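One-letter residues, chain by chain:
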Amino acid sequence: MAPQERTSCCEEDSRQNHAIDNLSNIDLGFVNKGYQPDSDKDTENVASQKKEKKATDFDDLLPYVGEFGLYQKILFLLMIPFAFFVAFVYFSQIFMTLVPEQHWCWVPELANLTVEERRALAIPPKSEGPYSHDRCRMYSTNWTQALAEGRTTPDDEWPIVPCTKWEYNRSDVPYDTIASQLDWVCEKDNLAATSQAIFFCGAIVGGLLFGWIADKYGRIPALVGTNLIGFAAGVGTAFSHSFWTFSACRFLVGFAFDNCFTMMYILVLEYVGPKWRTFVANMSIALFFTLASSLLPWIALLADDWRTFALATSAPFIMAAATPWLVPESARWLVSQGKIEKALTIMKKFERINKTKIPEKVLSDFTESSLKTIKENEAENRTYSVLDLFRTPRLRRNAILLIVIWMAISLVFDGHVRNVGSLGLDVFLTFTVASATELPADTFLTAVLDRWGRRWLACGSMVISGVFSLLATAVPVGGPSASLAILGRFAVNISYNIGLQYAAELLPTVVRAQGVALIHIMGYVASIVAPFVVYLATVSQELPLLILGALGIVGGLLCLFLPETMDTEMPQTLQDGEDFGKDQKFWDNPCFNRKKPEDDEENPGRYIKRNSVTNQTQEFVRAIPSIGSRASIRASIRASMRSRRQESGV
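Small disclaimer: the values here were computed from a predicted structure and weren't measured. (Residues numbered from 1 in each chain as written. Predicted model: local features only at pLDDT ≥ 70, side-chain atom pairs only at ≥ 80, totals over all residues. Heavy atoms only, no water.)

## Observations regarding the overall build of the protein
Formally: The helix count covers DSSP runs of H or I at least four residues long, the strand count covers runs of E at least two residues long, and both are numbered beginning at the N terminus. Residue contacts are defined here by distance: any two heavy atoms, one from each residue, within 4.5 Å place the two residues in contact. Under the convention used here, a 1.4 Å probe and the Shrake-Rupley method define accessible areas, while residue burial counts only the protein chains that appear.
A count of helices and strands for the protein gives 28 helices and 4 strands. Pairs at least 24 residues apart make up 82% of the contacts formed inside the protein by residues separated by at least 6 positions. For the protein, the accessible surface area stands at approximately 25900 Å², while carbon and sulfur atoms represent 62% of it.

## Quick look at the confidence of the model for the protein
What counts here: Per residue, pLDDT measures the predictor's confidence, with a range of 0 to 100.
Considering every residue of the protein, the mean pLDDT works out to 79; 81% of them sit at 70 or more. Per-residue pLDDT stays below 50 along residues 1-53; that stretch engages in 151 contacts with residues further than four places along the chain or on separate chains. Across residues 596-650 the pLDDT falls below 50, and counting only partners more than four positions away or on other chains, this stretch makes 217 contacts in the model.

## Description of the packing of aromatic side chains
The line we're drawing: Each pair of aromatic rings taken from Phe, Tyr and Trp, with Trp reduced to its six-membered ring, is defined by centres within 6.5 Å and is described as stacked if the planes are under 30 degrees apart, edge-to-face if over 60, and tilted in the remaining cases. Buried means the residue's accessible area, taken with a 1.4 Å probe over protein chains only, is under 20% of the maximum for its type, while exposed means over 50%, and partly exposed covers the values in between.
Going through the model one piece at a time under the given rule, you end up with 33 aromatic pairs. Ring centres 5.8 Å apart and planes at 20° place the aromatic pair Phe95 and Phe428 in the stacked group. With Phe95 in helix 5 (residues 79-96) and Phe428 in helix 20 (residues 427-436), this pair connects stretches of sequence that are 333 residues apart. Centre to centre, the rings of Phe243 and Trp244 are 4.9 Å apart; their planes meet at 70°, and the pair counts as edge-to-face. Among the residues examined, Phe243 registers a relative accessible area of 10% and is labelled buried. Trp244 sits in the exposed class, given a relative accessible area of 65%.

## Focus on the packing of helix 10 (residues 219-237) against helix 11 (residues 243-254)
For the record, the criterion: Throughout, an axis means a line fitted to C-alpha atoms (over the contacting stretch in the case of helices), and angles, computed between N-to-C directions, take values from 0 to 180 degrees. Small angles under 35 degrees read as roughly parallel and large ones over 145 as roughly antiparallel, with 65 to 115 read as roughly perpendicular and the rest as oblique. The sense of a crossing depends on the near helix, which, turned anticlockwise from the far helix by less than a right angle, makes the crossing left-handed and, turned clockwise, makes it right-handed. Asp, Glu, Lys and Arg are counted as charged, while Ala, Val, Leu, Ile, Met, Phe, Trp, Tyr, Cys and Pro are counted as nonpolar; the rest, among them Gly, fall into the polar class.
Viewed as axis vectors pointing N to C, helix 10 and helix 11 meet at an angle of 160°, and their least axial separation amounts to 8 Å. It follows that helix 10 is roughly antiparallel to helix 11 by the angle criterion. For helix 10 against helix 11, the interelement crossing comes out left-handed. Together, Ile229, Gly230, Ala233, Gly234, Gly236 and Thr237 of helix 10 and Phe246, Cys249, Arg250, Leu252 and Val253 of helix 11 make up the contact between the two elements. When the residues that make up the contact of helix 10 with helix 11 are grouped by side-chain class, the tally is 6 nonpolar, 4 polar and 1 charged.

## Brief notes about the pattern of salt bridges
Worth spelling out the cut-off: Here, a salt bridge means any side-chain nitrogen of Lys or Arg that lies within 4 Å of a carboxyl oxygen of Asp or Glu.
Scanning all chains against the criterion turns up 10 salt bridges. For Glu167, the salt bridge is made with Arg118, and the minimal N-O distance between the two is 2.9 Å. Placement of the pair is Glu167 in strand 4 (residues 166-168) and Arg118 in helix 6 (residues 115-122), with a sequence separation of 49 residues. Relative accessible area serves as the criterion here: at 11%, Glu167 is assigned to the buried category.

## Thoughts on the environment of Val417
Mapping Val417 onto the fold places it in helix 19 (residues 393-418). Along the sequence, Val417 and Ala434 sit 17 residues apart, while their C-alpha atoms lie 7.8 Å from each other. Look past the residues within four positions of Val417 in its chain and what remains in contact with it is Phe91, Ile94, Phe431 and Arg489.

## Description of a nonpolar patch on the surface
Here is the rule: Patch definition: residues with relative accessible area over 30% and no salt bridge; like charges joined within 9 Å; nonpolar side chains (Val, Leu, Ile, Met, Phe, Trp, Tyr) joined within 5 Å.
The grouping of Leu209, Trp212 and Tyr217 at the surface amounts to a nonpolar patch, some 330 Å² of accessible area in total. Within the secondary structure, Tyr217 sits in helix 9 (residues 191-217).

## Some remarks on the state of the cysteines
Formally: Any pair of cysteine sulfurs within 2.5 Å is marked as a disulfide.
For the coordinates displayed, the defined rule picks out 2 disulfides. The partner cysteine of Cys105 in its disulfide is Cys163, sulfur to sulfur 1.4 Å. On the sign convention where negative means left-handed, the S-S torsion of about -55° between Cys105 and Cys163 marks this disulfide as left-handed. Here Cys105, found in strand 1 (residues 103-105), pairs with Cys163, found in the loop between strand 3 (160-162) and strand 4; they are 58 residues apart in sequence, far enough to count as distant. The pair Cys105 / Cys163 is uniform in exposure class, with both members buried. Covalent S-S linkage joins Cys136 and Cys186, the inter-sulfur distance amounting to 2.0 Å. Its S-S torsion of approximately -95° makes the covalent link between Cys136 and Cys186 left-handed. In this pair, Cys136 sits in the loop between helix 6 and strand 2 (137-139) while Cys186 sits in the loop between helix 8 (178-181) and helix 9, placing the two residues 50 residues apart along the sequence.

## A closer look at the nonpolar core
Here is the rule we go by: In this text, buried Ala, Val, Leu, Ile, Met, Phe, Trp, Tyr and Cys residues form a nonpolar core when linked through side-chain atoms within 4.5 Å.
Counting 137 residues, the largest nonpolar core has Met79, Phe91, Phe95 and Phe257 as its most contacted members. Here this core gets 14 residues from one element, more than from any other, and that element is helix 5. Look past the residues within four positions of Met79 in its chain and what remains in contact with it is Phe261, Met264, Tyr265, Val268, Val280, Ser284 and Phe288. Formed by 17 residues, the second largest nonpolar core is a distinct cluster that contains Leu110, Ala146, Cys163 and Trp166.

## A short note on the layout of surface pockets
As a reminder of what qualifies: Using a 1 Å grid laid over the protein atoms alone, points where a 1.4 Å probe fits but cannot get out form a cavity; open sets with protein on both sides within 12 Å along at least 5 of 7 lines form a pocket; any residue with an atom within 4 Å of a point counts as lining. Grid points are joined across faces, edges and corners, and a volume is the space filled by probe spheres set on the points.
Within this model, the second largest pocket holds a volume of roughly 1400 Å³. Together, 47 residues line the second largest pocket, and Val99, Glu101, Ser422, Ala537 and Thr538 are the ones closest to its centre. Of the residues in the lining of the second largest pocket, the class split is 22 nonpolar, 15 polar and 10 charged.

## Topic: unusual backbone geometry
The phi torsion at Asp183 lies on the positive side, around 55°, for a residue other than glycine. Residue Asp183 is classed as buried on the basis of its relative accessible area, which comes to 7%. Phi is positive for Lys355, close to 55°, though the residue is something other than glycine. Its place among the elements puts Lys355 in the loop between helix 17 (340-354) and helix 18 (360-379). What makes Lys355 exposed here is its relative accessible area of 75%.

## Digging into the environment of Phe200
Position of Phe200 relative to the elements: it lies in helix 9. Look at Phe200 and you get buried, because its relative accessible area is 1%. Separated by 329 residues in the primary sequence, Phe200 and Val529 place their C-alpha atoms 9.6 Å from one another. In contact with Phe200, not counting residues within four places along its chain, are Tyr90, Phe257, Asp414, Arg418, Tyr524, Ser527 and Ile528.

## Looking at helix 14 (residues 306-314)
Threshold: The directions from the helix axis to the C-beta atoms are what the arc is built from. What qualifies as a polar contact is a pair of N or O atoms within 3.5 Å, subject to a donor-acceptor requirement within protein and to the restriction that residues adjacent in sequence count only when both atoms come from side chains.
Within helix 14, burial applies to Trp306, Arg307, Phe309, Ala310, Thr313 and Ser314. Taken end-on, helix 14 shows its buried residues confined to a sector of 160°, consistent with a single buried face. Sitting at the amino-terminal end of helix 14 is Asp305, which places a side-chain oxygen 2.9 Å from the backbone nitrogen of Arg307.

## Regarding the side chain of Ser410
With respect to the element layout, Ser410 can be found in helix 19. According to the relative accessible area criterion, Ser410 is buried, its value standing at 4%. In this structure, Ser410 is in contact with Gly523, Ala526 and Ser527, ignoring residues within four places of it in sequence.

## Re helix 6
Within the sequence span of helix 6, burial applies to Arg118, Leu121 and Ala122. Projection of helix 6 onto a plane perpendicular to its axis shows the buried side chains occupying an angular sector of 80°, all on one side. Contacts made by the buried residues of helix 6 are with strand 2, helix 7 (143-148) and strand 4.

Written out as structure tokens, the structure reads:
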């Protein structure tokens with residue numbers, strides 16, 4: 001999970017001359033069609049509307065209460081526990097299901113011998129492979145008689161049978177995990193991957209369930225509900241005694257991923273002014289989430305037992321029960337439900353804590369425009385389906401490409417996250433270093449995304465990730481392979497965040513929420529496969545990286561068949577989406593092939609690259625899936641800003 005919002009320094013002066021951009025088009029789980037362009041209106045009607053007075057919306061209230069006052073600072077700090085929660089939900093199962101590399105059959109009759117003596121007497125040796133002994137079979141004989149005879153080596157005539165119980169060398173994983181307690185090795189070594197896949201199935205169901213709750217009952221009930229389920233199921237995990245009880249608990253924990261943080265993220269961004277969204281969106285992830293991810297391995301080591309670790313990473317979720325008394329409900333959701341007075345009550349609280357005042361005229365205009373929007377929403381009869389994406393050839397091609405590319409990115413990203421145990425180094429240290437790559441990836445992407453564009457950068461980062469993954473299989477296991485794999489993780493961090501944004505910029509407004517939701521869910525489907533890709537390391541240690549490398553290169557090259565979206569007006573209607581990028585060539589690059597600004601005037605209906613972003617309020621917000629659609633908040637904010645610029649004629 002990685003990048004950030006970016007605002008060019010040259011935009012500061014233009015910000016002061018423009019009305020503050022709003023988030024009215026953000027797909028926050030409800031579709032407010034009153035803010036959407038009507039596809040039936042012709043160009044002349046749109047042009048005439050641009051001359052009308054700009055409606056007062058929620059973002060117009062923020063300068064009066066303070067864009068980052070005391071209350072917003074408090075809300076920003078309140079994001080810390082939720083950022084830790086999502087990291088715990090996503091990564092904790094890795095450290096509950098680790099299996100020590102060195103294991104062999106346990107023979108109770110030989111308990112009085114040393115480890116070396118037991119292994120020399122009871123375990124068949126192996127001359128091939130990374131291990132000097134068989135990990136799944138043992139000799140079978142009368143051990144009492146063998147000990148009485150003083151035997152220290154096996155008899156070649158002894159039969160070899162499968163193990164029924166194992167013992168472990170705990171030098172690499174120095175605590176009990178559920179996998180070692182229940183012996184998920186040899187014929188059962190796929191159970192850890194299966195339980196992880198079940199977790200992602202829960203994530204899909206939870207996304208749909210809590211998206212509906214957020215739309216129907218509000219963001220705060222959904223935020224509290226998803227965290228309390230994470231608490232209950234996480235604590236229940238600690239008392240699991242079988243694969244099925246463990247998997248059932250992890251399925252329910254999956255409900256909390258990733259809404260346990262996303263809804264808080266959305267709420268805070270909503271109440272922060274546009275100039276501060278860069279800081280809030282970036283730092284909440286780059287600092288809080290990265291810190292939580294990097295600390296998690298050491299929490300596992302400190303707990304020294306998987307049950308204690310499960311309790312330690314789940315019990316804090318109960319703090320979410322205090323959310324209704326600390327965090328305000330989404331004012332935008334309240335307005336969308338016609339509860340304007342409740343939204344204004346929240347703004348009065350901001351006034352009181354920040355010691356500011358909203359003029360009565362501004363409040364009156366806001367109420368009037370909100371009521372008008374609600375009436376327009378009720379009068380709008382046209383509905384759109386995600387199937388509309390597949391009715392025309394270019395839009396269908398782009399939608400299929402976005403799905404395939406996002407599935408590849410999701411699989412490669414999650415594969416790298418879970419493959420740290422196969423890199424030949426200390427898994428805890430390797431995981432920490434790999435998690436820390438989020439921060440430099442964020443910084444790099446912030447610097448180049450709006451200069452190099454999405455298409456070539458997505459391609460390059462994915463291909464580079466694939467190349468590093470393939471190179472990691474060609475060097476010795478250990479430091480060299482781990483270093484190259486971590487560089488591959490760094491590159492796919494960049495791809496992951498571009499991919500989250502790409503769909504929301506490329507799909508038409510009328511189906512954007514549903515389209516991004518479909519793409520995001522397909523990413524979870526791909527993540528279900530990732531644990532089994534990592535599991536292939538039991539067949540060959542190079543296989544996971546070979547697959548991740550190949551997928552990275554193929555997925556990266558597919559990005560070149562998408563149109564560039566940097567500095568373009570976002571498509572609003574289905575026809576806009578069909579026509580998007582028709583004027584672009586395969587080798588077009590925004591760094592070298594920019595059209596003159598007068599082209600915009602000659603072709604007002606075409607989506608073309610801008611010569612400059614100086615007069616555009618363009619921001620880049622850290623990507624996190626949204627509530628209802630589980631879309632990219634970063635992309636949604638950018639979508640909203642671009643739609644507003646289009647409507648205002650900027």
